[in-house]
Structures are given as C-alpha cells and as structure tokens.
Amino acid sequence: FTQKTAYAIEPRDWSSDVCSSDLRDTPYRDQAVTVSLSCSIGVALWQRDGETLEQLMEAGDKRLYQAKQAGRDRVESGPVAG
C-alpha cells in the first residue's frame, strides 16, 4: 500500500534542514534493531512542473530517483534528467 501526499512549500534551499547530518548521525533504535537513516527528496513546483497533482507527483518522483542515484541525503529540485 502506497499513499502519495503533496505538500505546499516555499521555494528555498532547505536540503540542509531536511537531510542534515543530525538525521544521518542519529540512528533509530527499537529494542534489538538499530537502523541508520538517510534522506532523498524530489521536489516539484506547481506551474513549472505541471498543473495537476498527477503531473506534479510524476515530476517529484523522477527527481526523487535522481536524488537516490546521485547519493544519499540529497534534495533534487532542478530540471528532470532525460
């Protein structure tokens, strides 16, 4: 089951806030399991990347995969590759 949610944000460079070293350096611990976290985000902007939620989700999804391919702890909001 996958739920997609769109959030309105002010355009700015917030990657350092969201994908900060605090997230990487603070492992999640639950009983005997310890998990290291990382953060990859794809950003789509209304009107620049589409008019409908479907168009925006598609652009954001493509950027998410660009971020994952480029490394950990990244936010991609520039042109969609290829």
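Here the structure is a predicted model, which is why all the values come from computation and not from measurement.

Caption draft 1: Main features of the overall build of the chain. Counting secondary structure elements, the chain contains three helices and four strands. Taken from N to C terminus, the helices and strands of the chain fall in the order α-α-β-β-β-α-β. Here the chain, with 82 residues, has 22% of them falling under the buried criterion. Contacts in the chain between residues at least 24 apart in sequence constitute 40% of all its contacts with a sequence separation of at least 6.

Caption draft 2: Layout of a nonpolar patch on the surface. On the surface, Tyr28, Val33, Val35 and Leu37 cluster together into a nonpolar patch covering about 330 Å² of accessible area. Since its relative accessible area comes to 47%, Val33 is described here as partly exposed.

Caption draft 3: Focus on unusual backbone geometry. Positive phi is not limited to glycine here, since Gln31 has a value of about 55 degrees. Here Gln31 is to be found in the loop between strand E1 (28-30) and strand E2 (33-35). Judged by relative accessible area, which is 80%, Gln31 ranks as exposed. Located in the positive-phi region is Gln47, a residue other than glycine, with phi close to 80 degrees. Tracing the backbone through its elements, the reader meets Gln47 in the loop between strand E3 (40-42) and helix H3 (53-70).

Each value, and the rule that gives it
Residues numbered from 1 in each chain as written. Predicted model: local features only at pLDDT ≥ 70, side-chain atom pairs only at ≥ 80, totals over all residues. Heavy atoms only, no water. Helix = DSSP H or I, 4+ residues; strand = E, 2+ residues; numbered from the N terminus. Buried < 20%, exposed > 50% of the residue type's maximum accessible area, 1.4 Å probe, protein only. Contact = heavy atoms within 4.5 Å. Patch = residues over 30% accessible without salt bridge, like charges linked within 9 Å, V, L, I, M, F, W, Y side chains within 5 Å. Areas by Shrake-Rupley, 256 points an atom, 1.4 Å probe, with all protein chains shown as cover. Salt bridge = Lys/Arg side-chain N within 4 Å of Asp/Glu carboxyl O.

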